[in-house]
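Survey of secondary and tertiary structure
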Amino acid sequence: METRAQRRKSAAAAAVQPDFKVNGNGNGNTNGKAVLSKDEAGMTKAQAEAMASDDVFHDYEFGGPVGVLAMMLGFPPLMYYLWICLVFYDGKLQGPKSFAWDDIKNFVHIFYDLAAKHAPPSKRGAQIFLGLMAFQLVIAAILPGFQQEGLPVPSLNGKRLQYNCNALACWYVTLVTAAVLHFTGTFHLGELIDHFGEMMTWAIIAGFTLAAVCYIVGVTMGHPIRMSGNVIYDYFAGAVLNPRIGNIDIKMWCEVRIPWVLLFLISLGGAAKQYDQYGYVSPNQAFMILATGLYINACAKGEELIPQTWDMVYEKFGWLLSFWNLAGVPFTYSYSIIFMATHDPAMYKFPLWGNILLYTTLLTAYYVFDTAMSQKSRFKMQQDGNDRIVRKTFPQLPGSVVKNPTYIQTAHGNKLLTSGWWAYARKPNYTADFIQAFTWSLCAGFVTPIVYYYPVFFFAVLIHRTTRDFERCHRKYGKDWEEYMRVVPYKFIPGVY
């Protein structure tokens, strides 16, 4: 992002490419509630200026080209290293005997051989992982869904995209399909554990490849936004906002349909593997079925709320989102599942009170997470006049909608919610999400630090993301944001931080 002044392209020019839509179409309507005068697109002058600012490159993030190159080159070997330590060394972190060159070479050679033997890009790995991707793509294309209009997209001059929100139908079809395949003996879910390394290799390949395709198509056929002029950085961050194939938004599909579905299936695979070996499923392994099931179900049942989020409205689709959704989430957030599936349950057994506390903490954190996300998204939809139909998907938790909400009216035209969970912290959903992440690791006990990779990594992600978000909001809302920070002074934990 070096050009620093690249404006969004016109909506008409950005709309559709043959079979591959770089952004898509929308109807251009806004809610009409702002008090300032509006232009042809239905936006206030302040909104139009803020949108223009959103589509201008401001600064490098993640350490710039050098930092993102290090991430792209470093994460794949890190994933192999942690998996190998987890499975083949009982979770003990390994290293060379010394810093002597021969010892380093020997260490690298041992780990390379293990990866080559147990995580090659095998035919079976491709059948499982790429087969799941193809299946999810097909059902996303053909199943009916709830039609939801997104927020105004800056790069489309304030127009809106239409989303076919059929994740819930796809989720139910996937559950039935997995059950049929497993219980008919066609595909034993334990294979997800046996072929974990091979699937991970294909996921890494897919993450890099999809990012490359979107980047190349976006640059050559579309209208890239917020480009830096540095190829490495722009490949990492992405060139386009909403790449589409037909009616499928690739970014939303990658965020909802692959990582969390696969993570849940891996948890079922861990339980199946444990049952085959020990004749029962431990409360710890069952916990991960519940935890991952709650998460994917939350994503699916409230999919119509996702178009209102930062990811869909602002984040471009590049290596960061492609790789992390296809490879990072399912193959690093599952370390506790893999450890429990390959080790004696006695190693991480909890007393009854420990299991009760673990499950209670998860369910409490999930309730706050689910309702906080719903409150914020439904508030946006209310203000946007986009909440006429409320879906009755399961479960609809009490407190999901704030009645008679309080808010701060900004000169930009938007309103900043100060009711519900959002009266106590600016990111209550992040706090609850992190607690869930921590329980996902805690269920595997304290035998290995590797299972705590997820909450440690996630904590860093949330801090970085919060910083980016708040900087953008301050730039967008100015003094109104400062007033919001005065009214809601805490970021994550009321009275603490």
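Quick caveat, the model's predicted, so the values are computed rather than measured. (Residues numbered from 1 in each chain as written. Predicted model: local features only at pLDDT ≥ 70, side-chain atom pairs only at ≥ 80, totals over all residues. Heavy atoms only, no water.)

1. Points about the environment of Ile493
Our working definition: Helix and strand labels come from DSSP, where a helix needs a run of H or I of at least four residues and a strand needs a run of E of at least two; each type is numbered from the N terminus.
Examined against the element boundaries, Ile493 turns out to sit in the segment after α19 (479-487). Residues Ile493 and Ala432, spaced 61 residues apart in sequence, show a C-alpha to C-alpha distance of 9.9 Å.

2. A closer look at the pattern of salt bridges
Quick note on the threshold: Here, a salt bridge means any Lys or Arg side-chain nitrogen found within 4 Å of an Asp or Glu carboxyl oxygen. Only protein chains enter the area calculation, which uses a 1.4 Å probe; residues under 20% of their type maximum are buried, those over 50% are exposed, and those in between are partly exposed.
This model, assessed by the stated rule, comprises 11 salt bridges. Measuring nitrogen to oxygen at the nearest pair gives 2.9 Å for the salt bridge that ties Arg124 to Glu191. Highlighted residues: Arg124 in helix α5 (residues 123-142) and Glu191 in helix α7 (residues 191-194), separated in sequence by 67 residues. A relative accessible area of 28% means that Arg124 is categorised as partly exposed. The shortest N-O distance in the salt bridge between Glu315 and Arg468 comes to 2.9 Å. Note that Glu315 is positioned in the loop between α13 (310-313) and α14 (319-332) and Arg468 in helix α18 (residues 453-477), a separation of 153 residues in sequence. By relative accessible area, Glu315 is classed as buried at 8%. Several salt bridges converge on common partners, so that one network encompasses Glu61, Glu315 and Arg468.

3. A look at the packing of aromatic side chains
So the rule is basically this: Working definition: rings of Phe, Tyr and Trp (its six-membered ring) pair if their centres are within 6.5 Å, and the pair is stacked with planes under 30 degrees apart, edge-to-face with planes over 60 apart, and tilted otherwise. The rule is short: NZ of Lys or CZ of Arg within 6 Å of the ring centre and within 35 degrees of the ring normal puts a charge over the ring.
Across all of its chains, the model carries 43 aromatic pairs by this definition. With a centroid separation of 5.6 Å and 10° between ring planes, the pair formed by Tyr453 and Phe457 is classed as stacked. Placement of both Tyr453 and Phe457 in helix α18 is noted, with a separation of four residues, approximately one turn of the helix. You can call Phe457 buried: its relative accessible area is 18%. The ring centre of Tyr314 lies 4.0 Å from the NZ or CZ of Arg226, which sits over that ring. In this arrangement the basic side chain of Lys376 is found over the ring face of Trp422, its NZ or CZ atom lying 4.0 Å from the centre.

4. Looking at the confidence of the model for the chain
Note: predicted coordinates in regions of low pLDDT should not be interpreted at a detailed level. Basically, it comes down to this: The predictor attaches a confidence to each residue, and that confidence, scored 0 to 100, is pLDDT. Only heavy atoms enter the contact rule, under which two residues are in contact if any of them lie within 4.5 Å.
In this model, the chain carries a mean pLDDT of 87, and residues with pLDDT of at least 70 account for 88%. Contacts for the low-pLDDT stretch residues 1-42, under 50 throughout, to residues beyond four places or in other chains number 128 contacts.

5. Things to note about helix α4 (residues 101-118)
What counts, and what does not: Helix span is expected to be 1.5 Å times the residue number reduced by one. Taken from the helix axis, the directions to the C-beta atoms give the arc we talk about.
Along its 18 residues, α4 runs 26 Å from first to last C-alpha, staying within 8% of the 26 Å computed at 1.5 Å per residue. Residues of α4 that are buried: Phe107, Phe111, Leu114 and Ala115. Projection of α4 onto a plane perpendicular to its axis shows the buried side chains occupying an angular sector of 100°, all on one side. In α4, the exposed positions angled more than 90 degrees off the buried face are occupied by Trp101, Asp102, Tyr112 and Lys117. Looking at the buried side of α4, the elements it contacts are α3 (64-88).

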